[in-house]
Amino acid sequence: MEETSIAGHDAVVILRQYNSKPYTTVYFATGNQIFLICFNDTYVNDDIQNVISKTPEQTMSHDEFSSRLNQASNDYQSQIAQEEQDYRSEQYSRNNKPVNRYYFFSF
């Protein structure tokens, strides 16, 4: 992860891999929003810089940008933890649920 500035916009650049193929994710501030661009490359090329440069000027502070990204990351981690807990609870319930067996006889 690299904190940087792209075309006058605060940005965080993250290099990742999916199925052994590299890609880059860029979170950047524009206006009072944070946007995300993903692309199949290992660096921020001229085309990506050009796209970001054509977005509205950033109006949030650097500290607010960092704070909002951190909060979004924390919220995401909490959501994942809750989903994992829900899944484990559901699996436990399924595995420990009594099985009802009904037998019918006719005479």
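To keep things clear, this report deals only with the structure shown in the data block. Model, not experiment: these values are computed from the prediction.

## Overview of the environment of Pro56
Structurally, Pro56 is set in the loop between α1 (46-53) and α2 (62-95). Residue classification places Pro56 among the exposed positions, given a relative accessible area of 53%. Each C-alpha atom, one on Pro56 and one on Gly31, is 5.4 Å from the other, the two residues being 25 residues apart in sequence. Other than its neighbours up to four places away in sequence, Pro56 contacts His9, Thr30 and Gly31.

## Thoughts on the pattern of salt bridges
Pairs can form between side chains of opposite charge once their charged atoms are near each other. Counted under the stated rule, the structure contains one salt bridge. Between Arg68 and Glu64 there is a salt bridge whose closest N-O contact spans 3.3 Å. Of this pair, Arg68 and Glu64 both sit in helix α2, four residues apart, which is roughly one turn of that helix. You can call Glu64 partly exposed: its relative accessible area is 32%.

## Concerning the layout of surface pockets
Approximately 360 Å³ is the volume attributed to the largest pocket. Surrounding the largest pocket, 14 residues form its lining, Ile14, Tyr27, Leu69, Asn70 and Ser73 being those nearest its centre. The set of elements that each furnish at least two residues to the lining of the largest pocket consists of β2 (9-18) and α2. Here the lining of the largest pocket gets eight residues from one element, more than from any other, and that element is α2. Its residues placed into classes, the lining of the largest pocket shows eight nonpolar, four polar and two charged.

Analysis parameters
- Residues numbered from 1 in each chain as written.
- Predicted model: local features only at pLDDT ≥ 70, side-chain atom pairs only at ≥ 80, totals over all residues.
- Heavy atoms only, no water.
- Helix = DSSP H or I, 4+ residues; strand = E, 2+ residues; numbered from the N terminus.
- Buried < 20%, exposed > 50% of the residue type's maximum accessible area, 1.4 Å probe, protein only.
- Contact = heavy atoms within 4.5 Å.
- Salt bridge = Lys/Arg side-chain N within 4 Å of Asp/Glu carboxyl O.
- 1 Å grid on protein atoms, 1.4 Å probe; cavity = no way out; pocket = protein on both sides within 12 Å on 5 of 7 lines; lining within 4 Å.
- Points joined across faces, edges and corners; volume = space filled by probe spheres on them.
- Nonpolar A, V, L, I, M, F, W, Y, C, P; charged D, E, K, R; others polar.

Nothing here speaks to function; it is all geometry.
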